[in-house]
Every structure is written in C-alpha cells, then in structure tokens.
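# A structural walkthrough
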2 protein chains.
Amino acid sequence: MNTQRVIDAVSGARLLQRLAQLATYGGLEGGAMNRQALSEHDFDARAWLIGQARQLGCRVWTDPCANLFIRYDGDSELAPVMTGSHIDTQPSGGRLDGCYGVMAGLECLQALAATGVRTRRPIELVVWTNEEGSRFSPGAMGSSAYVDPTRLAGYRRCQDADGVSFGQALDAHAHRFAHLPLRSTVQAHAFVELHIEQGPVLEQAGNPLGVVSGIQGVRWYQVRCHGAPAHAGTTPMPLRRDALLAATACLVRIDALAQRLAGADRRLTFGRWQVTPNSINTIAGQACFSIDFRHADAAVLEAFDAELVTCLPEGAELEPLFSHAPTAFDPAVIDVLEQACAATGMASQSIRSGAFHDAMYLASHCPTAMLFVPSRDGVSHNPLEHTEPQHLLAGARALAWSLVQLADQA
Amino acid sequence: MNTQRVIDAVSGARLLQRLAQLATYGGLEGGAMNRQALSEHDFDARAWLIGQARQLGCRVWTDPCANLFIRYDGDSELAPVMTGSHIDTQPSGGRLDGCYGVMAGLECLQALAATGVRTRRPIELVVWTNEEGSRFSPGAMGSSAYVDPTRLAGYRRCQDADGVSFGQALDAHAHRFAHLPLRSTVQAHAFVELHIEQGPVLEQAGNPLGVVSGIQGVRWYQVRCHGAPAHAGTTPMPLRRDALLAATACLVRIDALAQRLAGADRRLTFGRWQVTPNSINTIAGQACFSIDFRHADAAVLEAFDAELVTCLPEGAELEPLFSHAPTAFDPAVIDVLEQACAATGMASQSIRSGAFHDAMYLASHCPTAMLFVPSRDGVSHNPLEHTEPQHLLAGARALAWSLVQLADQA
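Residues numbered from 1 in each chain as written. Chains lettered and ligands numbered in written order. Predicted model: local features only at pLDDT ≥ 70, side-chain atom pairs only at ≥ 80, totals over all residues.

## Section: the overall build of chain A
Each helix and strand counted, chain A has 13 helices and 16 strands in total. Relative to its length of 410 residues, chain A is compact, with a C-alpha radius of gyration of 23 Å against a globular reference of 22 Å. By its C-alpha atoms, chain A is 80 × 45 × 40 Å across when sized along the principal axes. Pairs at least 24 residues apart make up 80% of the contacts formed inside chain A by residues separated by at least 6 positions. (Helix = DSSP H or I, 4+ residues; strand = E, 2+ residues; numbered from the N terminus. Rg over C-alpha atoms; globule rule 2.2 N^0.38 Å. Contact = placed C-beta atoms within 7 Å.)

## Digging into the interface of chain A and chain B
Counting from both sides, the interface comprises 46 residues of chain A and, opposite them, 45 residues of chain B. Only helix 8 (201–205), strand 7 (217–226), strand 8 (230–231), helix 9 (243–262), strand 9 (267–269), strand 10 (273–276), strand 11 (282–283) and strand 12 (286–295) of chain A provide two or more residues apiece to the side of chain A that touches chain B. Residue composition of the side of chain A that touches chain B, grouped by class: 20 nonpolar, 20 polar and 6 charged. (Nonpolar A, V, L, I, M, F, W, Y, C, P; charged D, E, K, R; others polar.)

## Quick notes on the relation of the copies chain A and chain B
Copies of the same chain, two in number, are related to each other by a rotation about an axis and a translation along it. With an axial shift of 0.2 Å and an RMSD of 0.2 Å, the rotation relating chain A to chain B amounts to 180°. Such a turn and shift between the copies fits a two-fold axis. The position closest to the rotation axis in chain A is occupied by the C-alpha of A:T248, lying 3.1 Å away. Most of the interface of chain A is mirrored in chain B: 98% of its interface residues are interface residues there too. (Least-squares fit on C-alpha atoms with pLDDT ≥ 70 in both.)

## Examining the packing of helix 1 (residues 2–9) of chain A against helix 13 (residues 389–407) of chain A
Residues and elements named next belong to chain A. Packing of helix 1 against helix 13 leaves a shortest axis separation of 9 Å and a crossing angle of 150°. One element, helix 1, and the other, helix 13, form an angle in the roughly antiparallel class. Pair helix 1 / helix 13 crosses with right-handed handedness. For the pair helix 1 and helix 13, contact is made by N2, T3, V6 and I7 and by R397, A400, W401, V404 and Q405, respectively. Of the residues belonging to the contact of helix 1 with helix 13, the class tally is 5 nonpolar, 3 polar and 1 charged. (Axes fitted to C-alpha atoms, helices over the stretch in contact; angles between N-to-C directions. Parallel < 35°, antiparallel > 145°, perpendicular 65-115°, else oblique. Left-handed = near helix turned anticlockwise from the far one by under 90°.)

## Thoughts on unusual backbone geometry
Going from A:T276 to A:P277, the amide bond is cis rather than trans, its omega being 5°. Mapped onto the elements of the fold, A:P277 is located in the loop between strand 10 and strand 11. The backbone of B:D377 shows a phi angle near 60°, a positive value even though the residue is not glycine. Considering the arrangement of structural elements, one finds B:D377 in the loop between strand 16 (368–373) and helix 13 (389–407).

## Details of the domain arrangement of chain A
Domain boundaries in chain A define domain 1 (2–215 + 327–407) and domain 2 (217–324). Distance from the C-alpha centre of domain 1 of chain A to the C-alpha centre of domain 2 of chain A: 37 Å. (Domains from an automatic or database assignment.)

## Description of the confidence of the model for chain A
Summing up the model confidence of chain A, the mean pLDDT is 96 and the portion of residues at 70 or higher is 100%. With pTM at 0.83, the complex prediction returns an ipTM value of 0.83. (pLDDT = per-residue confidence, 0-100.)

## Examining helix 2 (residues 12–22) of chain A
Residues and elements named next belong to chain A. What helix 2 keeps buried is the set L15, R18 and L22. All buried residues of helix 2 project into a common sector of 65° when viewed along the axis, lining one side. In this structure, helix 2 carries A13, Q17 and A20 as exposed residues pointing more than 90 degrees from its buried face. Each element contacted by the buried residues of helix 2 is listed here: helix 3 (40–55), helix 4 (99–115) and helix 13. (Buried ≥ 20, exposed ≤ 12 C-beta atoms within 10 Å, placed from the backbone. Arc of directions from axis to C-beta.)

Structure representation (structure tokens):
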C-alpha cells in the first residue's frame, strides 16, 4: 500500500530538526519567537524553505499576496490537494503555531520523495501570508486573498505600526524572490490544515489527534458605560453614578444571556478594559469593555446579537467590532481524516476549533478540514507553547495518509 | 462691633475679580486651570499675590517648604490665627479648589485694612505648597512639612514626571523670591480653612454654608487577581481561570463588607483598573484594581482592614497603598464657625469632609476647623467647578467673622 509506505517514511526526528531550524529565524532570547509577516526574518525563513523544497525536487511559485506554493508533482495535471499553514508568529509567540503545519507538510513531501510514491493529483504545500494579523490587521490575508483576489487591493493599503503598508511589504517580497514564478489562484481539489489545538481539550481527553468539525463563529463588541466622574471621598453612595459598577453589573446579565442561549457550551470573554479617568480616588466616569462570544451555531450567535442590548445599562453604547459566521468543514474530507487517524493507530476525537485558521477561508474555495494535535496546558501565542514529539509525529503521519488518499481521488 | 464692621467691608465683587485674576496664571483654553506646584505659573501667581499683600501693608515670609505667610499685624505678638489653603491645581482643574480659600482670606485682610480694625492676635493668610500632589506626590507637602519639619528632607527627593526633584523646585522658588524673609514653623493659635465642598451634600440640602466636623479616614489598597491567560476561542468555560471575573466577583463581596460595617454611610470606590494582557481575544491573566474606602470612624476602618482579605479570591495579592486616620476638628473652633455662620444670616449645617485638605495636617498642630461652600453638581477637579457668587461671599463673610473672633481670644 502506498499510504503505508509514505506514513512509514515520515520522520519525527527530521520534523523536530526542521522546526528547530525554522525557529532560528526571528527567535528571541528565552525561546520566544518574533517573526512578523514579510519581515527580514520571514524572508530568510522563506528562502531556507524554498531551498529545502528544491532539494526535494519540488517546484515553487508565489502569488500577488506572497503566498508560497511548493508542488510535489502528481501523475496528472488535475486540481492539486493542498496542505499548509503560516510561518508568521505573534510578537512573543511559540515555535509551533502555524509552523508545525508547514514543517509537517514539508515532511510529507519528503516522505513522498523518499518512497518515490506518485499520487494521481499533485500535492502542494502552501505558506499563507500574515495569518496572525499582528503586523498587518486583519489576519489571514494570504488565504483570504487567495480565495477572493478582489480583497488584495484593500489589504495593500493596511499599514503596520511603523507606517509601512502591506503593499510595500509585498513589493519587498517580490523583489527578494524575483526568481520565483508568479501565479494566480489555482482551484484546489481539497485543503487539509494540520495545526496545534491552542486549547486544552485534546490534552484533557488524552487524545493525541483531533479531527476538526468546523470553526466557531464569533462576535466582537465594545460596550461603553457612562457614569459621572466624581470625588471618591466627597460623593455619598446614593448620589453616585459609577460607570465601573454599571459595567460589572451588566457582565452578569450578559453571561446569563450566553448561558441561556448556549449553556455550558458558551465561550464568552471580557478581555479588554479601559476605565476613565482610572484614578484611585475618582469614581469612574466611563468604563469600556470588550465582548468576545463564540459558538458553532449561527442561530445562537444571531440570538446573542438580538438580545445583547437588553443586558446593557441605560445610556451605554454598543459597538460591533467584528463578526464571522461559523465554518462547517467538508464531511467527505472529515471522513478521510478520521480514517487517517485510525491508520496511525492513535486515539482521536472530533473537536471544533475555537480559533481562526487559514482553513476558514479555504473552506469557501474547496472541500476543507483540519487536524489538531494537543497543546500542553492549552497554551499558545506564548513561548511555552509545546506539543509532545510523539504527538507531532502522529499528526504528520495522519496528514501524510490523508494527503495521499485525497490525491489519489478521481 | 468690630466683627460686623469687618463683615460689612468684605466685597464679593473684589473677591470675584481676584479669583479671575488668579485664574490668568496657568489658565488653559476652555476655562481649565493647570497651575502645577512651583511651576512658573505658580511663581507668577505668588508674585502677584505678594504684591497684593504689600498694598494692604502686610508683611510676607516664606519657609523651607515654600509656604507663603501674609501677616496682618495684631496688637500683640501672641500666636497668630491662621487661615489659607493652596493655589496649585489639578492638570485640568477648576478656579476655586484651594484658590477660593486663599482669595477669601486675602479679602478678609483687605476688609480688616479698610476698616482699620486691629485684633489682639495677628492674622495670617497662608498659601500651602503642593496640596494637590499632581506634580509631586504625595499632596499637602507644605502643610505636612509645616507641622513636622522632619518630613521635608524626604519630600525634597520626590521627583515630578520630568525628573525634577521637589528640592530643585524649592531651590528655584528660593531664587525667584530671594527678597522674602525666611522663617521656620510658628505656633498658631488656631487654623481655619475655607474651601469648596467638592461634593453634592450642601447643594442637595440647600445650605450655603457647612461647618466641617472632621475629615474621613481613608484606606487605599491594590488587589491583584491572578488567572491563566488563554485563548478566548479555544478554552472551554469550565477549564478557564479568568482573572477579570475573579476580580468582579470579589467586588460584590467587598461592597457587602463595607455595607455591613458602615451601611449607607460607606464610601467605597474601585477607580483604577489594569487588565493583562488587555486583549479582546485573550482571557485575562491578571486583573488589578484599587480600593478607596473612607469613613469617619477609625474602628470601622480598622475592621475593614481586618476583614478585607476574606473577600479576595484565592491567590490574590493585597497591597496597602495608603492609610490615614480620621481627623476630628476642634470643638471650640467649630463652635466659633457655627456662630460665624449664624452671624452671616445664611443657613448652615454640619458636614464631614470626604476629601483631604491642608487642615488635616494643621489639626495636629493647633485647634483647627473648616468651612465649606456648595459645589454645583458636586463637581470638582474639573473646569466645570462652580459655586454661586452669593455663596462665595457668604463663605468669605463667615471666615472674616471667625478670624476676628479667634484673633481677639486671649
């Protein structure tokens, strides 16, 4: 069996070694990563990766959004099966977020090359540009512009904190990699993204592999509560209008709403706070906080939108900041991933993704699903990000199995 | 009657005109004041004030903490009766906080000079340095160092935001006002401070005058709650440790404690917040907030200190930031102030001060009390600070009556 030969050729040691090599581009003291999208560190990492790809005999392209495509040729020119993720990081990130999916994809191509297995369809490893969104906002520009190239013109105008536009950074990439052939969006047969979970669910359940059913939808809001700033010493309680107390009282009502709509399944976070004037001895005149509410069911999100206003204190302002519908992954691809997990002999489970990924955009382009491996203590976006080596290997093997399987489809 | 002649000579128009003149030193567009302690604006205001004092035939001294003393001589060299306040302001303050007490005191001296009334004891108007504490922290350095000169050496090392030490600023004052004779602390017979209320109590009660019974004691604490920073999308609710929710839950317990100890009389404020990492899509890893609790009864404050720790979530850190015992003003001076209010024919009431004042320190030096006039909407530390002109006049008249009365005491 071709799939078994490829799986057996996947090397955990080589995967770890390549992850360590990638971490030298933008690694900080203490183990943190800071490899911002289209920075010099990113360019150096891409140059190294292109070299690795060429050693495997792969062809490499880029596109107008600086996505990289590394193709292991198939027996035909049918639509390729794609895998990949991103190699940009958070400002104080770990070594695995995104990078794991790219390095595991490269390991799959090496296993194919080593065994000489040829699939019917080409298999392409993709590096999507600026997924984190920490240099240029929003994130996932590369995958988003791939599936809808009309988005690129707007993205090019986005600026980083130093005033450099995304367009200028793309031009610098084009200059550095002028030798790469340029191509436009190619229709893919399927897309599989392998990623660390970035949450605690697999670890808690003791399952090394997760087949991702979809990505939660999200609502981001900002609530601004108004009070009357006044002297903490001179203002009797009955005469106060304390914006901070108005805000904290309304948290309880918002949580009750989320519980009613989603029960224990709710994910509700009040992560960002700004109290004005933020002085020990002044009653808060304003309290501003963010709401992050996520759910896999679009109807739950819509009910939250409709009822949220009833939770707010009088005079509060509600500003929607961001909204994304839930993504349901493709049942046929999910089926292949479940078989792949079984083929590795490792326990797996169905899981939904709480975080966004490039696969969210690819799902609108071709049949798509994702594989997760556990994150120790659920930690991500942090230098302490860690996955056990045997879990990293298990994920790469399941990915290899599924890529071969999908690429042999008619 | 001397007192009635002096009261009749107090001019509301002149008082308002001097308040307007004082507001030209450090006045910002839109009516806000920014006259920081020992700034050039403060120096210019002091120079003008010294000129006014000299026109009234008063002698002027300064001291090692740059307090200014303007003496209207008495018939003897007995301990003087002192009045006064401060002329430094908040960064976006009003025209009355502190300034009113100084300008009203100057108006009393002018009424004395105009009528030729001589009291037994000298009467001194004092400008206390750096009451607000907004340039150099802590506040009330001038009055504090006056009653305990050993504090000055420590104060001299305090720095402002630009790295200028209080000592350097005092030296600049000494250079600018090198012509002023220097003196050390003189024992006062009594101290009366006239001030705006900075709260809503007199306005709500419809009383133009308040005789201040004392100043609340205060406790300032900082509470730091710890959680686990984690991804808002990937972390199920049962697995979260959200520092912000731990903090808001403990607010309810702290308020219940304050209610049990002090009932409706409690003054409890959570004014300053810092949430870390303060990101929309990250569960708070730390939430830090301040507690400001005030009460007139030392036993209530001590019980709050003892029980506060029981309100905190596990692992929270409690840091005491500041503590000051309640101040009870002198019954004999209070009695004189009540008579003075009656003599003006305006309604008065007993009131406690929720804010600190220079009188808090003077109370440890000599028999002390305060007079308040209403603040519109209870607003202070704000350009909208306002007191009706007839109330400003009533306060100045009551002050004049009480100064003459106290200065004629044996």
